[in-house]
Amino acid sequence: MSRPIAVGSIFIECNHFGGTPANLETFRRSELLYDDEVREINDGVIGGMLHQLQAAGRSVAPLLVASACPSGPLTAECYTELKTQLLARLEQSLPVEGVLLGLHGAAAAENAGDLEGDLLAAVRQMVGPSTPIVATLDLHAHLTATMVSAADALLAWETYPHRDAWETGQRGTQALIDILQGTLQPTMAVAKVPVMVSAIHGGTEQPGPFAAIMQRAKAWERSGQVYSAGAILVHPYLDLAEMGGGGIVITNNDMDRAVELASQLAAEYWDWRFELEPELLTPQAAIEAGLDVAGQVLLVETADCCGGGAAGDSIASLRALLNAQGSPSGVVTIVDPDAAAACHQVGIGSEVRLKLGHQVDTHWGTPLEVTGRVCNLTDGQFQYRGGIWDGRSGAMGPAAVIQTAQTTIAIASHPTYEWCGEQLASLDIDTHDTKFVVVKNPMNYHMVWPTAKAFVLDPPGPPPATLRHLPFQQLSRPFFPLDLDIENLQPVVHRGQERPSDSPAGETS
Ligand SMILES: [Zn+2]
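Residues numbered from 1 in each chain as written. Predicted model: local features only at pLDDT ≥ 70, side-chain atom pairs only at ≥ 80, totals over all residues. Heavy atoms only, no water.

Trainee: I would appreciate a short explanation of the nonpolar core in the present structure.
Mentor: Most often, soluble globular proteins have nonpolar side chains that are buried together. Judged by nonpolar contacts, the single largest core of 146 residues is most densely connected at Phe27, Leu74, Leu120 and Leu154. Broken down by element, this core gets its largest block of residues, nine residues, from helix α9 (residues 255-271). Filtering out sequence-adjacent residues up to four positions away, Leu74 remains in contact with Ile12, Cys14, Ala22, Phe27, Tyr79, Leu82, Ala108, Ala109, Glu110 and Leu115. In terms of nonpolar packing, the next biggest core, distinct from the first, is built from 28 residues, Ala286, Leu318, Ala340 and Val370 among them. (Core = buried A, V, L, I, M, F, W, Y, C linked by side-chain atoms within 4.5 Å. Buried < 20%, exposed > 50% of the residue type's maximum accessible area, 1.4 Å probe, protein only. Helix = DSSP H or I, 4+ residues; strand = E, 2+ residues; numbered from the N terminus. Contact = heavy atoms within 4.5 Å.)

Trainee: Would you explain the domain arrangement of the chain in this entry?
Mentor: Frequently, the measure chosen for interface size is the accessible area removed from exposure when the parts meet. Here the chain is partitioned into domain 1 (1-184), domain 2 (186-278 + 466-499) and domain 3 (283-456). Taken together, the contact pairs 26 residues of domain 1 with 24 residues of domain 3. Between domain 1 and domain 3 the total buried area reaches about 1900 Å² when both faces are included, carbon and sulfur atoms providing 57% of it. Interface area lost by domain 1 to domain 3 is led by Arg29, Cys69 and Tyr160, which between them contribute 26%. Scanning the region where domain 1 abuts domain 3 turns up two salt bridges. Between Arg392 and Glu31 there is a salt bridge, with the nearest N and O atoms lying 2.4 Å from each other. Where domain 1 touches domain 3, the interface holds six residue pairs in polar contact (both at pLDDT 80 or more). Of all the secondary-structure elements, those providing two or more residues to the side of domain 1 that touches domain 3 are α1 (24-30) and β2 (31-34). (Domains from an automatic or database assignment. Buried area = accessible area lost by both parts, 1.4 Å probe. Salt bridge = Lys/Arg side-chain N within 4 Å of Asp/Glu carboxyl O. Polar contact = N/O pair within 3.5 Å; in protein donor to acceptor, adjacent residues only side chain to side chain.)

Trainee: Help me understand the coordination of the zinc ion in this model?
Mentor: Angles at a metal have ideal values that depend on geometry: 109.5 degrees with four tetrahedral donors, 90 or 180 degrees with six octahedral donors. Distances from the zinc ion to its protein donors, Asp138 (OD), Asp138 (OD), His140 (ND1) and His162 (NE2), fall within 2.1 to 2.5 Å. The site at the zinc ion holds four donor atoms, and with the angles between them running 54 to 136°, its shape is irregular. For the zinc ion, all donor residues lie on one chain, and their spacing in sequence is D-x1-H-x21-H. Of this pair, His140 sits in the loop between β5 (133-137) and α6 (145-150) while His162 sits in the loop between β6 (153-156) and α7 (165-180), and the two are 22 residues apart along the sequence. (Donors = N, O, S within 2.8 Å, 3.2 Å for Na, K, Ca; no water. Tetrahedral: all angles 85-135°; square planar, octahedral: opposite > 155°, others 65-115°.)

Trainee: Mind showing me how you'd approach helix α5 (residues 115-127) here?
Mentor: Three or four residues apart is the spacing at which side chains of an α-helix point the same way, because the helix has 3.6 residues per turn. Between its terminal C-alpha atoms α5 stretches 18 Å, which fits the 18 Å expected from 13 residues at 1.5 Å a residue. Burial in α5 covers these residues: Leu115, Glu116, Gly117, Leu119, Leu120, Ala122, Val123, Arg124 and Val127. Where α5 is buried, its residues meet β1 (5-11), α4 (76-93), β4 (98-103), β5, α6 and β6. After α5 finishes, the residue Gly128 shows a positive phi value of roughly 90°. (Expected span 1.5 Å × (residues − 1).)

Put into structure tokens, the structure is as follows:
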């Protein structure tokens, strides 16, 4: 009987400039499963992995699966505990035929800047050089030399908005099976250029610069030139050396070709850099411009995107809306546990006076005094319909809705990833007739309000729409957009280790 495939996951995207640190409670609130609980997963990237393994008749050694909404870095205690638990289960499962990990690629801990590199290296050390390790990643990964040399194959999402977690789990699993069957000897290369841009123009589903690069990579896959290829738009809110976007290519035993094609993707990424940088307005200017627009208007405050690691507690757009001429109608979401608790204390129908915003992450502004009437209270539970956490429940913690003048304010206690308007729906907030809707994500809002006019805003925050102003310490110049051109630019290239293939599957004792 063949040995099992170990399956595990530590999945989170981190922000070095703000938000709140992630601890074990952050993961418990979202997803923290051990051992046989992992076998029950039937959605997302791990669901795709398990399904594919079952179809191939492979047995599974479940490790642990931990995922959470983006945040600040993991506390040292949290990462040490998750890593220790994952490695302990892997050690108990040895010998394994291979290892499958569902990772993000842009996680960081207080004690490991490159969390995925640290974890992959530890797993490699434990299983030895000839046991294949395959990991899946978000296409917003920060791909490091350590990650590329520790894994045999890294395969990233193909879509943004992210719709293909399940399929990526399947693709990663198939790559591992192909390695074990001896039909794939992976030669992997990453090439990246120092383009630091937000995800505003990073969609893969519409005409656009990032979509063009991704389409080229996928055309190589379809034509059989490569085993796997993908474009990478690095999550730019880490502060680490050698960050950049470009491409990752896996060929079948042809490293030179992998390097050449990955470098082509990186060169193309550099050529698109100006198209990747968004145009920005102040909240006030966007509201003035929006009043001249016939229909609904979105104020895109991505600088406070929980899905980019922010606390979600900015009131920059809210302040501008309340100060706007003519009191236009608006909807805003704010994370503020004290304000939510105050609303729960007074109850539905009561008037409440709140100090609101910038109380979780205090770096980016000052609170606003708001008086309003409490019109809904919930426990903050909701269910995702699609995306990375399709079918899973989300937890805002105690949540409230207050109405002040023409503005509806949704108040949550914890940050949650915005996918398709699930939070607002759970609070019975109908935005159909609202003039201004504040959205705190760079892309997913297209799915909820496809015809609304969107203005991207420039307030400060840890995941801002432009990278011109973040105080990087580890990332050194030159990089775009601070440097518009770089003389003799060569992409940073990471080559995977070329490991001699082990004996084919099933022949090992
Ligand atoms: Zn992503």
